[in-house]
Amino acid sequence: MIKGVIFDMDGLMFDTERLWDTLWEPCCRRLDLPLPTPEFLAGGRGLAGDNLKRHLSEFYPQVDPQAMLEMIWELAVEVFNRGVPCKPGLTELLDYLQEQHIPCIVASSSPMEIIRTNLRTTGVETYFRGVVCGADVQRSKPDPAIFLLAAQRLGLDARDCLVLEDSYNGVRAGHAAGAVTVMVPDMAPADEEMARLYTRCCHDLLEVRDLLKAGQL
């Protein structure tokens, strides 16, 4: 039985992965760097922490990756303060979980300021018991640390939690944490590896709600 739900944010709750992609070009222009290639964008999605820094260093060895991250976060705050679009079924799922008294928490690799901004501007902040961000753990996804900490903050064992993810590294982390892991693909479709790791794959968050209602998760 599911006793708590751990939500990823970008690409799962909010349609922000595409927005992140649009920020790298102005970031590079401001830092006087070559414009990002499709390979750079595709390879960086879902990365955070040291994994993202290694990716940045591979494509832009001439600049401190921390400087790029600080610039991209500055741009993100500017854009996200205007509001971001919710993914289909988000509020319906949150309403159902609230009715069932199932606690929810966000576990996202994004900076805390950006997570809080998105929760506030979309009006869903009050649904969550807390937030775990990338800075709260030493190792980023696919390491399970962020989900283990999120479960701990709910006062639950990760095995009693449902992890909702859209990215490959997120699914890997949810599986490694021992959680019931559902993939709701966004920009990257589920592949054979994901099928071996997730519990279910859903088209959207409405399907997640319906499976919970039916007792199939």
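Conventions used here
- Residues numbered from 1 in each chain as written.
- Predicted model: local features only at pLDDT ≥ 70, side-chain atom pairs only at ≥ 80, totals over all residues.
- Heavy atoms only, no water.
- Helix = DSSP H or I, 4+ residues; strand = E, 2+ residues; numbered from the N terminus.
- Phe/Tyr/Trp six-rings, centres within 6.5 Å; stacked < 30°, edge-to-face > 60°.
- Buried < 20%, exposed > 50% of the residue type's maximum accessible area, 1.4 Å probe, protein only.
- 1 Å grid on protein atoms, 1.4 Å probe; cavity = no way out; pocket = protein on both sides within 12 Å on 5 of 7 lines; lining within 4 Å.
- Points joined across faces, edges and corners; volume = space filled by probe spheres on them.
- Nonpolar A, V, L, I, M, F, W, Y, C, P; charged D, E, K, R; others polar.
- Pairing = 2+ DSSP bridges.

**Q** Please explain unusual backbone geometry as it appears in this structure.
**A** It is generally the case that most residues other than glycine have a negative phi and that most peptide bonds are trans. The peptide bond linking Lys141 to Pro142 adopts the cis configuration, its omega dihedral lying at 20 degrees. For Pro142, the position within the fold is in the loop between strand 3 (130-132) and helix 7 (145-153). One non-glycine residue, Asp32, adopts positive backbone phi at about 60 degrees. Positive phi, normally seen in glycine, also occurs at His101, with a value near 60 degrees. As for its placement among the helices and strands, His101 is situated in the loop between helix 5 (90-99) and strand 2 (104-107).

**Q** Is there a simple way to explain the packing of aromatic side chains in this structure?
**A** Two descriptors summarise a pair of aromatic rings, namely the distance from one centre to the other and the angle between the planes of the rings. Summed over the entire model, instances satisfying the criterion amount to five aromatic pairs. Seen from their ring centres, Trp20 and Phe80 are 5.4 Å apart, and the 85 degrees between their planes marks the pair as edge-to-face. A residue pair is termed long-range when its members are at least 10 positions apart, and Trp20 in helix 1 (residues 17-30) and Phe80 in helix 4 (residues 65-80) qualify at 60 residues. Phe80 matches Trp20 in its accessibility class, with the two residues each being buried. Judged by centre distance (5.4 Å) and plane angle (80 degrees), the rings of Phe40 and Tyr60 are edge-to-face. Residue Phe40 is found in helix 2 (residues 38-44), and its partner Tyr60 is found in the loop between helix 3 (49-59) and helix 4; the two are separated by 20 residues along the sequence. Overall, Phe40 belongs to the buried group, its relative accessible area being 2%. Feature note: the residues Trp24, Phe40, Phe59 and Tyr60 constitute an aromatic cluster, connected by ring pairs.

**Q** Where do I start with the layout of surface pockets in this structure?
**A** Over the atoms, a rolling probe the size of a water molecule traces out where space has been left empty. If you add up the space inside the largest pocket, you get close to 750 Å³. Lining of the largest pocket is provided by 40 residues; of these, Leu47, Ala48, Leu52, Ser109 and Ser110 occupy positions nearest its centre. Broken down by secondary-structure element, the contributors of at least two residues to the lining of the largest pocket are helix 1, helix 2, helix 3, helix 4 and helix 8 (168-177). Put simply, the second largest pocket is a space of about 210 Å³. Every residue along the wall of the second largest pocket is listed here: Glu17, Ala42, Arg45, Gly46, Asp166, Ser167, Tyr168, Asn169, Arg172, Asp186, Met187 and Ala188. Of the residues forming the lining of the second largest pocket, the biggest block, three residues, is contributed by helix 8. Class assignment of the residues belonging to the lining of the second largest pocket gives a composition of four nonpolar, three polar and five charged.

**Q** Where do I start with the pairing of strand 1 (residues 4-7) in this structure?
**A** Each regular strand displays side chains that alternate between the two surfaces of the sheet. Along strand 1, one buried face is formed by Gly4 and Ile6 and the opposite face, lined by Val5 and Phe7, is buried too. Alignment of strand 1 against strand 4 (residues 161-165), held across four bridges, turns out to be parallel. Its bridge partner being in strand 4, Gly4 is matched across the sheet by Cys161. Strand direction decides the pairing type here: strand 1 and strand 2, joined by three bridges, are parallel. Bridge assignment links Phe7 to a residue of strand 2, and that residue is Val106.

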